[in-house]
Amino acid sequence: SERVEAIAKKLSMTGESVQESKVALQTMRESRLEGSAEWLLGHPDYKEWITPETGSIPLLLLSGDTKTGKSFLVASIDEDLRKINADIAIAYHAFTGRDVKSAKDKNTDDVVSALKLMTLQLASQNKAYAKDMVGLKDSDFKPPETRKELWERQWWDKLQFSKYFQSKEDINIVLMFDGLDELSESNASKLLGLLRDESR
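Residues numbered from 1 in each chain as written. Predicted model: local features only at pLDDT ≥ 70, side-chain atom pairs only at ≥ 80, totals over all residues. Heavy atoms only, no water.

A.B. asks: Quick one: what's the story with the overall build of the chain, residue by residue and with numbers?
C.D. replies: Helices and strands together make up the secondary structure of the chain, namely ten helices and two strands. From first element to last, N terminus to C terminus, the chain shows the α and β order α-α-α-α-α-β-α-α-α-α-β-α. The buried share among the 200 residues of the chain stands at 38%. Taking all contacts inside the chain whose residues are at least 6 apart in sequence as the whole, residues at least 24 apart take part in 72%. Carbon and sulfur atoms provide 49% of the accessible area of the chain, an area that totals close to 12300 Å². (Helix = DSSP H or I, 4+ residues; strand = E, 2+ residues; numbered from the N terminus. Buried < 20%, exposed > 50% of the residue type's maximum accessible area, 1.4 Å probe, protein only. Contact = heavy atoms within 4.5 Å. Areas by Shrake-Rupley, 256 points an atom, 1.4 Å probe, with all protein chains shown as cover.)

Below, the structure written as structure tokens:
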């Protein structure tokens, strides 16, 4: 949409990334073995997490060794959430490790890039969010004038995630981060700290 394109321009991002994430999730959904995620979807902790009335912590963390199927579980959760609520807006980002291999570490803000990409995904699914983001001034999208260590928190606020997660309105937004083990230790720590603080 025009709104998504306008937001992408303000964020200095391309709309292609929205499609890439959509295709990645679709590919994983189609590659799953039948019934492979039933153990998770039927787990009491998961059932409590997807039921908003329980007042459960909004953070769900899946952990496990490399190549044990965590990404396929994420794809199953995506499908399950969409079955439960057709109006849900889900943003997905997979950290691949490419961001942290540079000797100069030129992408130290790869978490910020993920948040920006997720903004575009949410805007393509939720008109209210897209309208709010388009309404912001170009200056609102400029990098914060603070230490880089604080950028994740400041971008989180700039991209209005706090506003919607604390909203009393019936707005359903889910952020799915995949491949946190591919992040540098400092970036993973910052992202988990940010999510922990928000979940409180």
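A.B. asks: Please give an account of the packing of aromatic side chains that cites residues and values.
C.D. replies: Evaluation of the coordinates by the stated rule reveals four aromatic pairs. Taken together, a centroid distance of 6.4 Å and an interplanar angle of 5 degrees make the contact between Phe95 and Phe177 stacked. With Phe95 in the loop between strand E1 (89-94) and helix H6 (110-125) and Phe177 in strand E2 (residues 173-178), this residue pair connects regions lying 82 residues apart in the sequence. Pairwise contacts between aromatic rings join Tyr129, Trp156 and Phe161 into one cluster. It is Lys116 that lies over the ring of Trp155; its NZ or CZ is 4.6 Å from the centre. Above the plane of the ring of Trp155 lies Lys158, whose end atom (NZ or CZ) is 5.5 Å from the centre. (Phe/Tyr/Trp six-rings, centres within 6.5 Å; stacked < 30°, edge-to-face > 60°. Lys NZ or Arg CZ within 6 Å of the ring centre and 35° of its normal.)

A.B. asks: Run through the nonpolar core, naming residues and quoting values.
C.D. replies: Judged by nonpolar contacts, the single largest core of 35 residues is most densely connected at Leu122, Leu159, Phe161, Leu175, Phe177 and Leu191. Those elements that provide at least two residues to this core are helix H1 (2-10), E1, H6, helix H7 (127-134), helix H8 (151-158), E2 and helix H10 (185-199). If we skip the residues at most four places from it in the chain, Leu122 touches Ala89, Ile90, Ala91, Tyr129, Phe161, Ile173, Val174 and Leu175. Counting 16 residues, the second largest nonpolar core, distinct from the first, contains Met28, Trp49, Ala75 and Leu81. (Core = buried A, V, L, I, M, F, W, Y, C linked by side-chain atoms within 4.5 Å.)

A.B. asks: Go over the pattern of salt bridges with me, naming the residues and quoting the values.
C.D. replies: Opposite charge on two side chains permits them to pair, given that their charged atoms come into close proximity. For the structure on display, the rule yields six salt bridges. A salt bridge links Glu79 to Arg32, with the shortest nitrogen-to-oxygen separation between them at 2.8 Å. With Glu79 in helix H5 (residues 70-84) and Arg32 in the loop between helix H2 (16-31) and helix H3 (38-41), the pair connects residues that are 47 residues apart, well separated along the chain. Looking at Glu79, the relative accessible area reads 28%, which means it is partly exposed. For Arg32, a relative accessible area of 22% gives the class partly exposed. Connected via shared salt-bridge partners are Arg29, Asp78 and Arg82. (Salt bridge = Lys/Arg side-chain N within 4 Å of Asp/Glu carboxyl O.)

A.B. asks: Quick rundown of the side chain of Asp80? Include the residues and the values.
C.D. replies: By the element assignment, Asp80 lies in helix H5. Within the buried set, Asp80 has no salt-bridge partner at all; the shortest N-O distance to an opposite charge, 5.9 Å, is to Lys83. Other than its neighbours up to four places away in sequence, Asp80 contacts Leu41, Tyr46 and Ile50. (Lys, Arg positive; Asp, Glu negative; His and termini not counted.)

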